[in-house]
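# Survey of secondary and tertiary structure
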Amino acid sequence: MSGRGKAVLLFVALYASVTHAAENSPKKIHVALQEFTTITIDLVPDLGTRLVFPFVLDETGKDGAIPFTMNITNPVFHADRQPGRNIVVITAPPPADGGDMSGYLGDLFISVAGYNITARLRTVKDWRKQYDDVVFDLSEDDRQRLVDDEVRRRSGVIEEEFRRKQADLDKEAERRALAKVGYLAMQGARESRVREKAKQVFPNGDQLVLYVDTVRGYGPFSVIPVEITANTVGAVQIIDTKLFGKASSDAPEQEIPASYHMTRRLEPGDTITGSVSVDHPNIMDMYSLKLVVLTDKGTAELKW
């Protein structure tokens, strides 16, 4: 044989070898996910097919999400998956004593995220029929829907966590308030007589009268009972109440944080008694105090 003939034979042999290797390399197929998706999966014993999903497969079903479920009808076929991942590996392990494994059939049923997949499993001898990866794809609309669903789910989880923490804070506030009530009940009250009255006349002739008789001290806490009378034609709406104090004659006047408990609406001729509660250790020894009541008719002040 001539040198040229030998070269041609070598080229043909190399081409056949490369072609055979390419045919025998792992193969992948893409499948569009629909509400009901059907596929056929051919399996060669000792090989396997990996199902790749566009989302994590979750069996828990958190906050209304549809959980992952999987069933195989024929025990010849095995399915393997790891929590928190998006793949399932399907195999048909050959028996230990060998023998022909072709011709077995089974069904694989998967439900997840609103999708139902039915796969007909078949064992075959021809490895050219086997796909090593089946990749499930989502349409852009379905992908956006899943993103929106996840955003809503996470928002719901955050809102629920916020409500739980808020409820815990409310309970803690109630517990501390009750503890303070117990503390006050155990303390002997210290009283400071005030007996001051102020009358505020508004431009329309209505009058609001403020009266403070005493300041009661319980350790670091103080309570100021306040009496308010509405000598008015119409109702008066109390918008806010503030307390100011001076530590000495030449000290600047500063607002004192306080809590107020009183009726917010006074009908003509009404007299109500509310209270100003202060958590301030020196309130009883202040040089002067000023109570300011803001209403929808104007502002009234009482100093002592």
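Residues numbered from 1 in each chain as written. Predicted model: local features only at pLDDT ≥ 70, side-chain atom pairs only at ≥ 80, totals over all residues. Heavy atoms only, no water.

## So, the pairing of strand β18 (residues 288-295)
β18 sits mainly inside the fold: seven of its eight residues count as buried. Where strand β13 (residues 236-246) lies against β18, eight bridges are found, and the strand directions are antiparallel. Its bridge partner being in β18, D240 is matched across the sheet by L294. Taken together, the five bridges between β18 and strand β19 (residues 299-303) define a ladder with antiparallel strand orientation. By the bridge assignment, K290 is partnered in β19 with K303. Where β18 hands over to β19, the hairpin turn is made up of three residues, of which G298 adopts a positive phi near 150°. (Buried < 20%, exposed > 50% of the residue type's maximum accessible area, 1.4 Å probe, protein only. Helix = DSSP H or I, 4+ residues; strand = E, 2+ residues; numbered from the N terminus. Pairing = 2+ DSSP bridges.)

## As for the sheet that holds strand β4 (residues 69-72)
Read across the open sheet, the four strands follow the order β2-β8-β7-β4; overall the sheet is mixed. Whereas interior strands pair on both sides, the edge strands pair on one side only; in this sheet they are β2 (36-43) and β4. Each strand of the sheet is rotated relative to its neighbour by a mean of 15°, with strand direction disregarded. Sheet analysis places strand β7 (residues 105-112) next to strand β8 (residues 115-123), joined by eight bridges and oriented antiparallel. Across the sheet, the residue bridging to L105 is R122, located in β8. (Axes fitted to C-alpha atoms, helices over the stretch in contact; angles between N-to-C directions.)

## A short note on the pairing of strand β9 (residues 133-137)
Burial analysis of β9 places four of its five residues in the buried class, the great majority of the element. For strand β1 (residues 28-32) and β9, the ladder comprises five bridges, and the chain directions are parallel. Residue pairing across strands places A32 opposite D137, the latter belonging to β9. Relative to β9, strand β3 (residues 48-52) is paired through three bridges, and the arrangement is parallel. Looking at the pairing, R50 lines up with D133 of β9.

## Brief notes about the side chain of D107
With respect to the helices and strands, the residue D107 is situated in strand β7. The buried category is assigned to D107, whose relative accessible area is 18%. For D107, the side chain forms a polar contact with the side chain of R120, separated by 2.6 Å. In contact with D107, not counting residues within four places along its chain, are N71, I72, T73, A119 and R120. (Polar contact = N/O pair within 3.5 Å; in protein donor to acceptor, adjacent residues only side chain to side chain. Contact = heavy atoms within 4.5 Å.)

## Examining the nonpolar core
Counting residues in each nonpolar core, the largest one holds 28 residues, and the members touching the most others are I228 and I283. Going through the elements one at a time, β10 (190-201), β11 (207-218), β12 (221-231), β13, β17 (271-279), β18 and β19 are the ones with two or more residues in this core. Other than its neighbours up to four places away in sequence, I228 contacts L208, V209, L210, I238, M262, L266, D270, T271, I272 and V293. The next biggest cluster of nonpolar side chains, apart from the first, holds 26 residues, and it includes L108, I110, L121 and V134. (Core = buried A, V, L, I, M, F, W, Y, C linked by side-chain atoms within 4.5 Å.)

Just geometry here; none of it tells us what the structure is for.
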